[in-house]
Amino acid sequence: MFTALSLLWFLLVLGVAAVALATANALYAAVFGAGAGRRAALWTAGGFGLVWVVWAAVTTALAAAHVYRFQADAVKPWLAVGFAVPLVALLALSRVPVVARALAHPAARVQLIRPHQVRIMGVAFLLALAMGDLPPAFAWPAALGDITIGLSATRVIRRLRAGDGDRSALWLNIFGIADFVYAFAVAILAAPGPTRALHLTPSTEHVSLLPLVLVPTAAVPVLFTLHVLSLANSRAAQPVTAVPVAA
């Protein structure tokens, strides 16, 4: 029987996987577009894909064992760790010479924005709200923020290709990071535990449980990394006049 919970699982797994697939494709196009060659592009995309699949399996297993679950009688930092570990790993991998050169190239500017189009899947937060799993103060801003970023990314890409999207890309990255910071702050402050500061109804406990926990541990680290790399690229690269397209 297809239930609301089944639909939530479907939307979240699809959305998280789409983030990874879009990022792998963007990395391939960025490396290829920077002139590093198809072999290097395939290795970069494949390497990211392998690292992500391994981490996705690990974080799912940890979540199934309730490692991330907020508890009323204890302070558990593991959700923050589940976000920080892949974030640090991805930032470190971005410093691999061939990858670093490609991500600093003007051609990468469009590719670093492209995966954010998938964030329209933030509509899943509204389904969780309707199911009573999330408080409105978390679900509405998180959902509308992601949907706005997802829709805006397409417009920003068009402007970057036209050579006048630098400011739009800057604001997209700033707003995207702010959206994540707000969501994390509310999730932590409204979670069950001794340090609970926001007494929302319901609490944000479900953010630390499957399937919602896949968002902060498997999707957000990737998207946050793309924001950071995009900001770095905008400082290092010259304006885009033409973007090579991988065959």
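About the cut-offs
- Per chain, residues are indexed from 1 in the order of the written sequence.
- Confidence filtering applies because this is a predicted model: local features only for residues at pLDDT of at least 70, side-chain atom pairs given and counted only at 80 or more, and all residues used for totals across whole chains, interfaces and linings.
- Values shown for side chains rest on all heavy atoms present in the structure; no hydrogens or waters enter the calculation.
- Only DSSP runs of H or I with at least four residues qualify as helices, and only runs of E with at least two residues qualify as strands; both kinds are numbered from the N terminus onward.
- Radius of gyration here uses only the C-alpha atoms, and the compact-globule reference equals 2.2 Å multiplied by the residue count raised to the power 0.38.
- By salt bridge we mean one thing: a side-chain nitrogen of Lys or Arg within 4 Å of a carboxyl oxygen of Asp or Glu.
- Burial here depends on accessible area, computed with a 1.4 Å probe over protein chains only, as a share of the maximum for the residue type. Under 20% is buried, over 50% is exposed, and the range in between is partly exposed.
- By this rule the span expected of a helix is its residue count minus one, scaled by 1.5 Å.
- What we call the bend at a residue is the angle made by axes fitted to the seven residues finishing there and the seven residues starting there.
- pLDDT: the predictor's confidence for each residue, scored from 0 to 100.
- The contact definition used throughout considers only heavy atoms, calling two residues in contact when any of these lie within 4.5 Å.
- Note on geometry: axes are C-alpha line fits, over the in-contact stretch for helices, and angles between N-to-C directions span 0 to 180 degrees.
- Working rule for angles: under 35 degrees goes down as roughly parallel, over 145 as roughly antiparallel, 65 to 115 as roughly perpendicular, anything else as oblique.
- In this scheme the handedness of a crossing depends on how the near helix is turned from the far one: anticlockwise by less than a right angle means left-handed, clockwise means right-handed.
- Amino acid classes used here: Ala, Val, Leu, Ile, Met, Phe, Trp, Tyr, Cys and Pro are nonpolar; Asp, Glu, Lys and Arg are charged; the rest, including Gly, are polar.
- A pair of Phe, Tyr and Trp rings is counted when the ring centres sit within 6.5 Å of each other, with Trp represented by its six-membered ring. The angle between the planes then sorts it: under 30 degrees is stacked, over 60 is edge-to-face, the rest tilted.

Student: I'm lost on the overall build of the chain in this one. Help?
Tutor: Helices and strands together make up the secondary structure of the chain, namely 9 helices and 0 strands. In sequence order, the secondary structure elements of the chain are arranged as α-α-α-α-α-α-α-α-α. Here the chain has a C-alpha radius of gyration of 18 Å; the compact-globule value for 247 residues is 18 Å, and the two agree. Summarising its shape, the C-alpha atoms of the chain cover approximately 55 × 40 × 30 Å along the three principal directions.

Student: Would you mind showing me how to read the pattern of salt bridges here?
Tutor: Should the charged atoms of two oppositely charged side chains come close, the side chains can pair. Going through the model one piece at a time under the given rule, you end up with 5 salt bridges. Taking the shortest distance from any N to any O, the salt bridge between Asp146 and Arg119 comes out at 3.1 Å. In this pair, Asp146 is assigned in helix H7 (residues 136-162) and Arg119 in the loop between helix H5 (108-113) and helix H6 (124-130), connecting sequence segments 27 residues apart. Overall, Asp146 belongs to the buried group, its relative accessible area being 10%.

Student: Sorry if this is basic, but what is going on with H7 here?
Tutor: Working note: α-helix, 3.6 residues per turn, so residues spaced by three or four point in the same direction. Helix length check: H7 (27 residues) gives 39 Å between terminal C-alpha atoms against 39 Å at 1.5 Å per residue, within 8%. The axis of H7 is deflected most strongly, by about 30 degrees, at Ala153. Within two residues after H7, Gly163 carries a phi angle of roughly 90 degrees, on the positive side.

Student: It is not clear to me how the confidence of the model for the chain should be interpreted in this structure. Could you clarify?
Tutor: Caution applies to low-pLDDT regions: their predicted coordinates should not be interpreted in detail. Averaged over the chain, the pLDDT score is 94; the fraction of residues at 70 or greater is 95%. Predicted confidence is poor over residues 238-243, with pLDDT under 50, and the contacts of this stretch with residues over four places away or in other chains come to 12 contacts.

Student: Hey, could you run me through the packing of helix H1 (residues 4-33) against helix H9 (residues 214-236) in this one?
Tutor: Helices that pack against each other are described as a pair by the angle of their axes relative to one another and the distance between those axes. Following both chains from N to C, one finds H1 and H9 inclined at 30 degrees, their axes separated by 10 Å at the closest point. By the angle between their axes, H1 is roughly parallel relative to H9. Handedness of the H1/H9 crossing: left-handed. Across the interface between the two elements, Leu12, Val13, Val16, Val19 and Thr23 of H1 pack against Leu214, Val215, Ala218, Ala219, Val222, Leu223 and Leu226 of H9. In the contact of H1 with H9, the residues fall into 11 nonpolar, 1 polar and no charged.

Student: Just to check I follow, could you spell out the packing of aromatic side chains for this structure?
Tutor: The geometry of an aromatic ring pair comes down to the distance between the two centres and the angle between the two planes. As enumerated under the stated definition, the model contains 5 aromatic pairs in all. On the basis of an interplanar angle of 85 degrees and a centroid distance of 5.8 Å, the ring pair of Phe83 and Phe224 is categorised as edge-to-face. Here Phe83, found in helix H3 (residues 78-93), pairs with Phe224, found in helix H9; they are 141 residues apart in sequence, far enough to count as distant. In this pair, the class of Phe83 matches that of Phe224, namely buried.

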